[in-house]
Amino acid sequence: MDIKQRDISGAGDISGILKHGVIDVWRADTALQRDFILSKLSLLDSNEKERYGSFHCEEDRLCFAGGRIFTKILAGRYLGKETEEINVIFEKYMKPFIECGGELKYNISHSGGCILLAFSYGSEVGIDIEKKDDSFDVMPLINVLHPVERTAVLESGNVDTFYTIWTAKEAYVKAIGKGFSISPNSFYINKEGFAVRGCLVSKDHKVVRLDTGSSFFGALCFGINNYVIHI
């Protein structure tokens, strides 16, 4: 699998649907893209505009609107459609997908003013990003982790370990489309990037770390059936 991390400022260079075996991961900084996002609010449908208006914090509004706007722009370019033709709808466990997108698979995450969007042709994807907060107390959440993960967090005494574990788990449950209807303490992601439940190692999906800079933690999960992995 060839994973390409790209900045949203280069989105004008893309056209045509993705090839099999390639995942594009787009990053957008809402502070840098604020004026562009605000200029494209007309791309939101009535429900999206209502939700946009429900956020009290501007950063949250920009993340929501930017996520929808960049999704529609990028999907339209991949599919050769007008941006206004693109609709985002949700499956049972709230995994978003592109209506009439065919084999174009997609996922999104945002935190701390940063948006990540993953697009793939044919392979399900899940993505997660979390902004680092050194003051974050992980102990109230320790019991939601698998015992293997609890041990790792307690032994490290480092909040970075929790973020590394959590983003991997979140990316995985998003990729398989179940969200945390799967109990987060029922599985862990091993060092090879595969989910482990009991004695069973699932090799249908693989989790990899993303280069998101020192202030963020990011992870991507993708289906690997019939793919050779090149990262």
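This is a predicted model, so every value here is computed, not measured.

Cut-offs applied
- Residues numbered from 1 in each chain as written.
- Predicted model: local features only at pLDDT ≥ 70, side-chain atom pairs only at ≥ 80, totals over all residues.
- Heavy atoms only, no water.
- Disulfide = S-S within 2.5 Å.
- Pairing = 2+ DSSP bridges.
- Helix = DSSP H or I, 4+ residues; strand = E, 2+ residues; numbered from the N terminus.
- pLDDT = per-residue confidence, 0-100.
- Contact = heavy atoms within 4.5 Å.
- Expected span 1.5 Å × (residues − 1).
- Buried < 20%, exposed > 50% of the residue type's maximum accessible area, 1.4 Å probe, protein only.
- Salt bridge = Lys/Arg side-chain N within 4 Å of Asp/Glu carboxyl O.
- Phe/Tyr/Trp six-rings, centres within 6.5 Å; stacked < 30°, edge-to-face > 60°.
- Lys NZ or Arg CZ within 6 Å of the ring centre and 35° of its normal.

Turning next to the state of the cysteines. Scanning all chains against the criterion turns up zero disulfides. Cysteine 63 provides the cysteine sulfur closest to cysteine 114, a residue in no disulfide bond, and the two sulfurs are 8.0 Å apart.

Before going further, it helps to spend a moment on the sheet that holds strand E8 (residues 188-189). Sheet architecture is open: three strands sit in the order E8-E9-E10, paired in antiparallel fashion. In this open sheet, the two edge strands, each paired with only one partner strand, are E8 and strand E10 (200-202). Sheet topology note: the strand E9 (residues 195-197)/E10 ladder contains three bridges and is antiparallel. For alanine 195, the partnering residue across the bridge sits in E10 and is serine 202.

As a further point, take the confidence of the model for the protein. Residues with a pLDDT of 70 or more make up 96% of the protein, whose mean pLDDT is 92. When the elements of the protein are averaged for pLDDT, strand E1 (residues 2-7) gives the smallest value, 91, and E8 the largest, 98. Of the regions scoring below 50 in pLDDT, residues 226-231 engages in 18 contacts with residues more than four places distant in sequence or in other chains.

The next subject is helix H3 (residues 58-79). For H3, built from 22 residues, the straight-helix expectation of 32 Å at 1.5 Å per residue is met to within 8% by its first-to-last C-alpha distance of 31 Å. Within H3, 16 of the 22 residues are buried, which leaves it mostly tucked inside the rest of the structure. The first or second residue beyond H3 is glycine 80, which carries a positive phi of 70 degrees.

Another aspect to go through is the pattern of salt bridges. Using the criterion set out here, one finds ten salt bridges in the structure. Notably, a salt bridge pairs lysine 105 with glutamate 124, separated by 3.5 Å at the nearest N-O pair. A residue pair is termed long-range when its members are at least 10 positions apart, and lysine 105 in strand E5 (residues 104-111) and glutamate 124 in the loop between strand E6 (114-121) and strand E7 (125-131) qualify at 19 residues. We note a salt bridge from lysine 132 to aspartate 160, for which the minimum N-O separation is 3.1 Å. Separated by 28 residues along the polypeptide, lysine 132 in the loop between E7 and helix H4 (147-156) and aspartate 160 in helix H5 (residues 159-175) bring together distant segments of the chain. Of the residues examined, lysine 132 reaches a relative accessible area of 27% and is grouped as partly exposed.

Turning our attention to the packing of aromatic side chains. By the definition in use, this model includes eleven aromatic pairs. Centroid distance phenylalanine 55 to phenylalanine 64: 5.7 Å. Interplanar angle 40 degrees. Geometry classified as tilted. Residue class for phenylalanine 64 comes out buried when judged on its relative accessible area of 6%. Measuring from ring centre to ring centre gives 6.4 Å for phenylalanine 162 and tyrosine 163, while their planes differ by 70 degrees; the resulting arrangement is edge-to-face. Assigned by exposure class, phenylalanine 162 and tyrosine 163 land together as buried. An aromatic cluster of three or more residues is present, and its members are Phe136, Phe162, Tyr163, Trp166, Phe180 and Phe217. A cation sits over an aromatic face here: lysine 206 above phenylalanine 194, 5.0 Å from the ring centre.

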